[in-house]
Amino acid sequence: GDRVLVNPLNKKKGLMGEMLDGGMAEYCLVAADQLVAMPDGVTFHTVRMPLHAPGHGTTIDTVAQDIAAKAGELTPAGVDVVAYACTAGSMVTPPDSLCQAASALAGVPIVTTAAAIVAALRSLGARRLSIATPYHDALNDHEVAFLEAAGFQVLAIAGLGIGANGPSDYPRIA
C-alpha cells in the first residue's frame, strides 16, 4: 500500500473528528480525495502532549519544557522538525518566542500553529481579520489579544463555545 496522510476535511460531510466520526481512529474509511501521498523520505510521527488548564501555573517555560520532552520521544525516529499543533496553546507573544524556547531545549527546530498563522497572514498582506473558532469566549479573547499584539486588527470573532469546561473539552476542539 501507498503511504498516505488523511486530509480531515470531507467535502460532503464536514470535518472528521468534529462533524464526522473518525478524527482519532487508527483505521477509518475516508473518501479517496481525502488522501494525500507522503513523498519518499518523509515520515510522520505523533506524541500526545499533556493537557494544560488555563491559569493553572502554565507558562511559556512549562509549555516549552513539555514540547521539548515530547520532541525527545521522537528522537529515535530521527525527525528534522517538530510541529506543536495546538493553536490556542501556542498563542504567546511574540509569536516566535515559544518556537525559540522549545527549540533551544529540544535541540531540533520546533514550529507552532500560532506562529505559522501569523507568518501566513503577514505573507498574504492581511491586516484586518474576521475569525471563526471552535473556542469559548475566554479563548477567543486570548486569540484576539494575541493577534492584535502581532499587529492585526480583529474586526469580528465568533466561536462555538467549546473549551469552557477545561481539558475535558479539549478533544472536541482538536
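If you're wondering where the values come from, they're calculated on a predicted model, not measured in any experiment.

Cut-offs used in this document
Residues numbered from 1 in each chain as written. Predicted model: local features only at pLDDT ≥ 70, side-chain atom pairs only at ≥ 80, totals over all residues. Heavy atoms only, no water. Helix = DSSP H or I, 4+ residues; strand = E, 2+ residues; numbered from the N terminus. Contact = heavy atoms within 4.5 Å. Areas by Shrake-Rupley, 256 points an atom, 1.4 Å probe, with all protein chains shown as cover. Core = buried A, V, L, I, M, F, W, Y, C linked by side-chain atoms within 4.5 Å. Buried < 20%, exposed > 50% of the residue type's maximum accessible area, 1.4 Å probe, protein only. Salt bridge = Lys/Arg side-chain N within 4 Å of Asp/Glu carboxyl O. Patch = residues over 30% accessible without salt bridge, like charges linked within 9 Å, V, L, I, M, F, W, Y side chains within 5 Å. Axes fitted to C-alpha atoms, helices over the stretch in contact; angles between N-to-C directions. Parallel < 35°, antiparallel > 145°, perpendicular 65-115°, else oblique. Left-handed = near helix turned anticlockwise from the far one by under 90°. Nonpolar A, V, L, I, M, F, W, Y, C, P; charged D, E, K, R; others polar. Pairing = 2+ DSSP bridges. Right-handed = clockwise from strand over helix to strand, strands pointing away.

Student: Quick one: what's the story with the overall build of the protein chain, residue by residue and with numbers?
Tutor: Per the secondary structure count, the protein chain includes 5 helices and 8 strands. Starting at the N terminus and ending at the C terminus, the protein chain contains elements arranged as β-β-β-β-α-β-α-β-α-β-α-β-α. Of the contacts formed within the protein chain by residues at least 6 apart in sequence, a portion of 65% connects residues at least 24 apart. Accessible area for the protein chain stands at about 11,000 Å²; split by element, carbon and sulfur atoms hold 57% of it.

Student: Can you tell me about the nonpolar core, naming the residues and giving the values?
Tutor: One finds Ile 67, Val 82, Tyr 84, Leu 98 and Ile 110 to be the most contacted residues of the largest nonpolar core, which totals 13 residues. Mapped by element, the contributors of at least two residues to this core are α1 (60-73), β5 (82-84) and α2 (97-106). Other than its neighbours up to four places away in sequence, Ile 67 contacts Met 49, Tyr 84, Leu 98, Ala 102 and Ile 110. Formed by 12 residues, the second largest nonpolar core is a distinct cluster that contains Leu 121, Ile 131, Leu 147 and Val 154.

Student: Give a detailed account of the pattern of salt bridges, specifying residues and quantitative values.
Tutor: Where side chains of opposite charge bring their charged atoms close, a pairing between them can arise. In the structure shown here, the tally under the stated rule is 1 salt bridge. Across the pair Glu 73 and Lys 70 runs a salt bridge whose closest N-O atoms are separated by 3.2 Å. Of this pair, Glu 73 and Lys 70 both sit in helix α1, separated by 3 residues, roughly a single helical turn.

Student: Pulling in residues and values, what's your account of a nonpolar patch on the surface?
Tutor: Where nonpolar side chains cluster on the molecular surface, the patch consists of Val 4, Val 6 and Leu 35 and spans about 200 Å² of accessible area. Secondary-structure assignment places Val 6 in strand β1 (residues 4-6). Its relative accessible area of 38% is what places Val 6 among the partly exposed residues.

Student: How would you summarise unusual backbone geometry if you had to cite specific residues and measurements?
Tutor: A cis geometry characterises the amide bond from Thr 93 onward to Pro 94, with omega recorded as -5°. Here Pro 94 lies in the loop between β5 and α2.

Student: Talk me through the packing of α1 against α2; I want residue IDs and the actual numbers.
Tutor: Close contact between α1 and α2 brings their axes to 8 Å; oriented N to C, the two are set at 45°. When the axis of α1 is compared with that of α2, the two are oblique. By crossing handedness, the relation of α1 to α2 is classed as right-handed. Across the interface between the two elements, Ile 60, Val 63, Ala 64, Gln 65, Ile 67, Ala 68 and Ala 71 from α1 touch Ser 97, Leu 98, Ala 101, Ala 102, Leu 105 and Ala 106 from α2. Residue composition of the contact of α1 with α2, grouped by class: 11 nonpolar, 2 polar and no charged.

Student: How would you summarise the environment of Ala 106 if you had to cite specific residues and measurements?
Tutor: Among the structural elements, Ala 106 can be located in helix α2. For Ala 106, a relative accessible area of 26% puts it in the partly exposed group. Each C-alpha atom, one on Ala 106 and one on Ala 68, is 4.4 Å from the other, the two residues being 38 residues apart in sequence. Look past the residues within four positions of Ala 106 in its chain and what remains in contact with it is Ala 68 and Ala 71.

Student: Can you break down the pairing of strand β7 (residues 128-135) residue by residue, with the values?
Tutor: When a strand is regular, its side chains alternate between the sheet's two faces. Burial of β7 is one-sided: the residues Leu 129, Ile 131, Thr 133 and Tyr 135 facing one way are buried, the residues Arg 128, Ser 130, Ala 132 and Pro 134 facing the other way are not. In terms of strand pairing, β7 meets strand β8 (residues 153-162) through 7 bridges, oriented parallel. Bridging across to β8, Leu 129 finds its partner in Val 154. Note on the crossover from β7 through helix α4 (residues 137-149) to β8: the handedness is right-handed.

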